[in-house]
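What follows is each chain in one-letter form.
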Amino acid sequence: MNLIGIGYMGFETANLDAWRDYGPNVMGFEIAASPTQDEHSLYFKMDDRRHRLAFHPGEIDRVTYIGWEARNRLDFIEAQQILNSHGVEFSVGDDTLCEQRGVKELIRFRDPVGYQHEIFYAQKWTPRSFRSGRPHGGFICDDRGLGHVVLMTPTFTEELETFLIEVMGMQWYGWGAGKGKTQFFRTKLNNQTSHDIAFGHAPGRMGIQHIGVFVDSVRDVGETYDIVLERELDLMMTLGQHSQDPHISFYHFNPSGFAFECIAELEPWQGDPFELNPEKMSTWGHKIVGPIVGPSVRPAAEVYPEIYTDESA
Ligand SMILES: [Fe+2]
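From a predicted model like this one, the values you see are computed outputs, not experimental measurements. (Residues numbered from 1 in each chain as written. Predicted model: local features only at pLDDT ≥ 70, side-chain atom pairs only at ≥ 80, totals over all residues. Heavy atoms only, no water.)

Novice: How should the coordination of the iron ion be read in this particular structure?
Specialist: Reference values for coordination geometry: four tetrahedral donors around a metal ideally subtend 109.5 degrees, six octahedral donors ideally subtend 90 or 180 degrees. Every protein donor of the iron ion is listed here as His148 (NE2), His210 (NE2) and Glu261 (OE), and their distances to the metal cover 1.9 to 2.1 Å. As a motif over one chain, the donors of the iron ion read H-x61-H-x50-E. Of this pair, His210 sits in strand S13 (residues 205-214) while Glu261 sits in strand S16 (residues 259-265), and the two are 51 residues apart along the sequence. (Donors = N, O, S within 2.8 Å, 3.2 Å for Na, K, Ca; no water. Helix = DSSP H or I, 4+ residues; strand = E, 2+ residues; numbered from the N terminus.)

Listed below in structure tokens is the structure:
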């Protein structure tokens, strides 16, 4: 599949009011106009797209969809053919849903773990429209997507890897250098960052471990860090630099109880001509000062009762 990256993501949250303050004033997101058919949800712009993140009112905090961007209409059609050829069931988004997402067309399907994915093309876009929620250099999204996501999976099966590589056309990146068991992948068209999605093993549990977003400069990382410290928000990891990526970043918890990794690229990603196996996760910093998974990673039957029961997870 000719996928670019994660175009948008949707969440349910019981903490919408907290996001309304935190999104613009800590992260620098712009509050976007909510679609008329979804006026009680909170939409954030991160660049000139209509939106990148959508928070819908819910009883618990959870990710509800991951929207993968197909390069264009022809690649979108091809993606449907690939799903059909692998016997993967999908539904076609109706006009209302496409308008809500601001896209031409979309399809929906679940991965073997149960997470909901969408593939779309042509999201609404207005050049030079992004106004950050606070003084901020902006986010590097445009032609690569909103960033990367690390999801937790209750079981670790070959089926998931096969699905990501053979159906979704992902490239294998590696295992990561953390202590846990985590597999990293990136889309076929991503040649700018090491990964778009990763799955970490959390027996019996599901949820987001973190989302990495790329900001314009080290200054944006530092200023966000200061605001996080001033507000005494919970940190997961201090400032640091991963061994395998030329990035500086830190991790803190947002109102939904998963972490944001706020990342500045120090130089372009070096590519991966061989599979990296770092001696340690980070060359400096990234001291783990909080839990490595936040409170939104919970028993699968609690987070996704429509998929898991207490017995099945
Ligand atoms: Fe990350």
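Let us keep going from here.
Novice: Would you mind going over unusual backbone geometry with me for this structure?
Specialist: Positive phi, normally seen in glycine, also occurs at Arg128, with a value near 60°. Within the element layout of this structure, Arg128 appears in the loop between strand S8 (116-123) and strand S9 (148-153). One non-glycine residue, His286, lies in positive phi territory at about 55°. Look at His286 and you get buried, because its relative accessible area is 4%. (Buried < 20%, exposed > 50% of the residue type's maximum accessible area, 1.4 Å probe, protein only.)

Novice: Honestly, the domain arrangement of the protein chain in this entry has me stumped. Any pointers?
Specialist: By a widely used convention, the size of an interface equals the accessible area lost when the partners come together. In terms of domains, the protein chain is made up of domain 1 (3-123) and domain 2 (148-300). Between domain 1 and domain 2, the C-alpha centre-to-centre distance is 20 Å. Counting residues at the interface gives 36 residues for domain 1, matched by 37 residues for domain 2. When domain 1 packs against domain 2, close to 3,000 Å² is buried across both sides, 75% of that on carbon and sulfur atoms. The three residues of domain 1 that bury the most area against domain 2 are Leu3, Val26 and Tyr115, which together make up 20% of that side's buried surface. The interface formed by domain 1 and domain 2 contains 1 salt bridge. Of the charged contacts in the structure, one is a salt bridge between Arg231 and Asp21, with a shortest N-O distance of 2.8 Å. If you look at where domain 1 meets domain 2, you find 11 residue pairs in polar contact (both at pLDDT 80 or more). (Domains from an automatic or database assignment. Contact = heavy atoms within 4.5 Å. Buried area = accessible area lost by both parts, 1.4 Å probe. Salt bridge = Lys/Arg side-chain N within 4 Å of Asp/Glu carboxyl O. Polar contact = N/O pair within 3.5 Å; in protein donor to acceptor, adjacent residues only side chain to side chain.)

Novice: Is there a simple way to explain helix H2 (residues 73-85) in this structure?
Specialist: Count 3.6 residues to each turn of an α-helix, and residues three or four apart come out pointing the same way. Taking 1.5 Å of rise per residue, 13 residues should cover 18 Å, and H2 covers 19 Å from first to last C-alpha, within 8% of that figure. Buried residues of H2: Asp75, Phe76, Ala79, Gln80, Ile82 and Leu83, and no others. For H2, the buried positions fall inside an angular range of 160° around the axis, keeping them on one side. Away from its buried face by more than 90 degrees, H2 exposes Leu74, Asn84 and Ser85. Buried residues belonging to H2 abut strand S5 (62-70), strand S7 (103-110), S8 and helix H4 (158-167). Where H2 begins, the side chain of Asn72 points an oxygen toward the backbone nitrogen of Leu74, at a separation of 3.1 Å. (Expected span 1.5 Å × (residues − 1). Arc of directions from axis to C-beta.)

Novice: Would you mind showing me how to read the packing of helix H1 (residues 16-27) against helix H5 (residues 218-230) here?
Specialist: In a packed pair of helices, the relevant descriptors are the angle between the two axes and the axis-to-axis distance. For the pair H1 and H5, the least separation of the axes is 9 Å and the interaxial angle reads 135°. By the angle between their directions, the pair H1 and H5 is classed as oblique. Note on element contacts: H5 touches H1 through Thr224, Ile227 and Val228, opposite Asn25, Val26 and Met27. (Axes fitted to C-alpha atoms, helices over the stretch in contact; angles between N-to-C directions. Parallel < 35°, antiparallel > 145°, perpendicular 65-115°, else oblique.)

Novice: Hey, could you run me through H1 in this one?
Specialist: Of all the positions in H1, only Leu16, Trp19, Tyr22, Gly23, Pro24, Val26 and Met27 are classed as buried. Looking at the residues trailing H1, positive phi occurs at Gly28, about 85°.

Novice: Looking at this structure, how should I read the pairing of strand S14 (residues 235-242)?
Specialist: In terms of burial, S14 is a largely internal element, 7 of the 8 residues being buried. In terms of strand pairing, S14 meets strand S15 (residues 247-253) through 3 bridges, oriented antiparallel. Bridge pairing links Met237 to Tyr251 in S15. What sits between S14 and S15 in their antiparallel hairpin is a turn of 4 residues. Of the strand pairs in this sheet, S14 and strand S17 (residues 282-285) are connected by 3 bridges, and their pairing is antiparallel. (Pairing = 2+ DSSP bridges.)

Novice: What is the right way to look at the nonpolar core in this model?
Specialist: Generally speaking, a soluble globular protein has its nonpolar side chains buried in company with each other. Core analysis: the largest hydrophobic core is formed by 68 residues, its most contacted members being Met9, Leu53, Ile119, Ile211 and Phe260. By residue number, the principal contributor to this core is H1, which donates 5 residues. Built from parts of two domains, this core gets at least three residues from each of domain 1 (3-123) and domain 2 (148-300). Setting aside residues no more than four positions away along its own chain, Ile211 makes contact with Met9, Phe11, Leu146, His148, Val149, Phe258, Ala259, Phe260 and Glu261. (Core = buried A, V, L, I, M, F, W, Y, C linked by side-chain atoms within 4.5 Å.)

Novice: It is not clear to me how the sheet that holds strand S2 (residues 30-32) should be interpreted in this structure. Could you clarify?
Specialist: In sheet architecture, strand pairing relies on hydrogen bonds along the backbone and comes in two forms, parallel and antiparallel. Taken in spatial order, the 8 strands make up an open sheet running S2-S3-S4-S1-S5-S8-S7-S6, and their pairing is mixed. With one partner strand each, in any of the chains shown, S2 and strand S6 (91-92) form the two edges of the open sheet.

Novice: Hey, could you run me through the state of the cysteines in this one?
Specialist: Each disulfide is one covalent bond, formed between the sulfur atoms of two cysteines. For the structure on display, the rule yields 0 disulfides. As a non-bridged cysteine, Cys141 has Cys262 as the owner of its nearest cysteine sulfur, 12 Å distant. Assessed through its relative accessible area of 1%, Cys141 is described here as buried. Judged by relative accessible area, Cys262 falls into the buried class, the value being 1%. (Disulfide = S-S within 2.5 Å.)

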